[in-house]
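Descriptive structure summary
Listed below are the residues making up each chain.
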Amino acid sequence: MALKLSVVGCGYLGATHAACMSSLGFEVIGVDTDPEKIAMLSKGELPFYEPGLDTLLASEIKTGRLTFTTDFSAVADADVHFICVGTPQSKDGLAADLTYVKSAVQGIAPHLKKGSLVVGKSTVPVGTAQGLREQLAQSAPQADLAWNPEFLREGFAVEDTLTPNRLVVGVANDRAEEILKEVYKPIIDLGTPWIRADLPTSELVKVAANSFLATKISFINAMAEVCEAAGGDVTVLAKAIGYDPRIGNRFLQAGIGFGGGCLPKDIRAFMARAEELGAKQALEFLREIDAINLRARQRVIDVVRAELTDDLTSYKIAVLGAAFKPDSDDVRDSPALDIAAQLQAAGASVVVHDPKAIENARKRFPKLGFAANVQECVKDSDLILHLTEWREYRELDPNALAALVKKKIVIDGRNALDRDKWRSAGWKFHALGRSD
Ligand code: UGA
């Protein structure tokens, strides 16, 4: 008999996982405590923007295999339960807040049938899975627990779930591995590498991967600082070092740095956990990674002040981009929005445009100005800041925009615009890490 699955927590990760598992042919029940989210998902509507997931969700709902509910007892029929709730940074420190993970496991424990497997996908501090497994042995001894970290990127969530570059499972016994192999058979059959690990290693794989990615970005942003000081060009430098296959050219895009709901909080939680484990020194470098990243935001503000004046009160600044990266409406810890808010706090009149993230940005910073299109955003502005590299910004015609603005100054915070094109249209063009 085919396995039945439950997905607990239907945010970004959970909604994606539920729809993708349904598309593999499983019967899937998604559970979340938020009735509004569940109402939308049940109608096949996605509460956030993710390319391709909207159509997948709608078609899976139509098959009848995929359903959503707020009632935890509905998981009773399922054999495998994926925990996909968030683990945000805690309000009072660097550590991850595990409230949702704990309450998700407690919420399903009374309903777990004999032989079922709880599978954590959330990013957690190392040691969490072992602790939860021991608790479950008390509250639901008929069930077991495994960990299966998720590596999906926003903007590529469906692709990364259905054709991941590896599957990592943290298990305490062969049976748990066999169950997970049965779930992921169609993906394994594509030739996807399968890595069996113990519970702590599987948790560490996830935070190690995100720490490495954050380090790569901060490395190139540190090089950008040096290039600015030395008269170099970080985009040429990145291209040149990227040809070395040991280095690789991905994640070497210098600019205003990383944000989002994962990289910043994951490196902080990793540092906090290492300190608890007595291994503080091993991750001390991540503090510097975080500092370089936050400094990039400040460097853009410094260029703005150098171009206008220290007192920004009489200037209008047009900000292109609010999402933490393109193809997403997510503004969690968005460098773009942080810079916009800081400039406004410094007295500038700031108007923000984003193709998808305006609604979320407005909720976060209701006092910022927002424009429905680029033309309205840049109208009469003294300076344009390009902060999220949406394709439509790369395709803008600098000649047409020149007629709308007060001053033709643009700062490319993502090193994604065509400098020559802007300059030949008469713009003063700055980019982070490019000195001329
Ligand atoms: C990240 C990881 O890439 C995923 O593998 C992981 O599964 C996910 O976190 C998670 O933990 O759930 P995501 O947050 O969607 O995915 O975003 P990334 O594509 O990693 O980008 C993160 C930030 O780095 C963005 O703000 C982006 O603009 C910035 N970035 C990226 C750069 O500044 N330069 C680069 O070269 C690349």
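Residues numbered from 1 in each chain as written. Predicted model: local features only at pLDDT ≥ 70, side-chain atom pairs only at ≥ 80, totals over all residues. Heavy atoms only, no water.

**Concerning the environment of F429**
Relative to the helices and strands, F429 resides in strand β14 (residues 428–431). Each C-alpha atom, one on F429 and one on I411, is 6.0 Å from the other, the two residues being 18 residues apart in sequence. (Helix = DSSP H or I, 4+ residues; strand = E, 2+ residues; numbered from the N terminus.)

**Overview of the site of the ligand**
In the neighbourhood of the ligand, 21 residues make up the surrounding shell, with F151, L152, E154, N210 and F324 lying closest. A distance of 3.3 Å separates an oxygen atom of the ligand from a polar backbone atom of L252. One of the side-chain N or O atoms of K325 is found 2.9 Å from an oxygen atom in the ligand. Contact with the protein chains hides 90% of the accessible area of the ligand, taken as 720 Å² for the molecule alone. Of all the elements in the fold, those that place two or more residues in the shell around the ligand are α9 (199–230) and α11 (263–276). It is α9 that provides the largest number of residues to the shell around the ligand, a total of 4 residues. (Near = heavy atom within 4 Å. Polar contact = N/O pair within 3.5 Å; in protein donor to acceptor, adjacent residues only side chain to side chain. Areas by Shrake-Rupley, 256 points an atom, 1.4 Å probe, with all protein chains shown as cover.)

**Quick look at the UniProt feature "binding site: substrate" (unreviewed entry) in the chain**
Per the UniProt entry, the sites bearing "binding site: substrate" (unreviewed entry) are F151, L152, R153, E154, K206, F251, L252, Q253, A254, G255, G259 and K325 in this numbering. A maximum C-alpha distance of 24.5 Å shows the annotated residues, which cover 175 residues in sequence, to be distributed over more than one spot. The residue F251 is located in the loop between α10 (234–242) and α11 in this model. For F251, a relative accessible area of 37% corresponds to the partly exposed category. Beyond its immediate sequence surroundings of up to four residues, F251 is in contact with L213, K216 and I217. Following the sequence through the fold, L252 ends up in the loop between α10 and α11. Setting aside anything within four residues of it in sequence, one finds L252 in contact with K216, I220, A238, I241, G242 and I247. (UniProt positions renumbered as here; feature names shortened; annotations may be inferred. Buried < 20%, exposed > 50% of the residue type's maximum accessible area, 1.4 Å probe, protein only. Contact = heavy atoms within 4.5 Å.)

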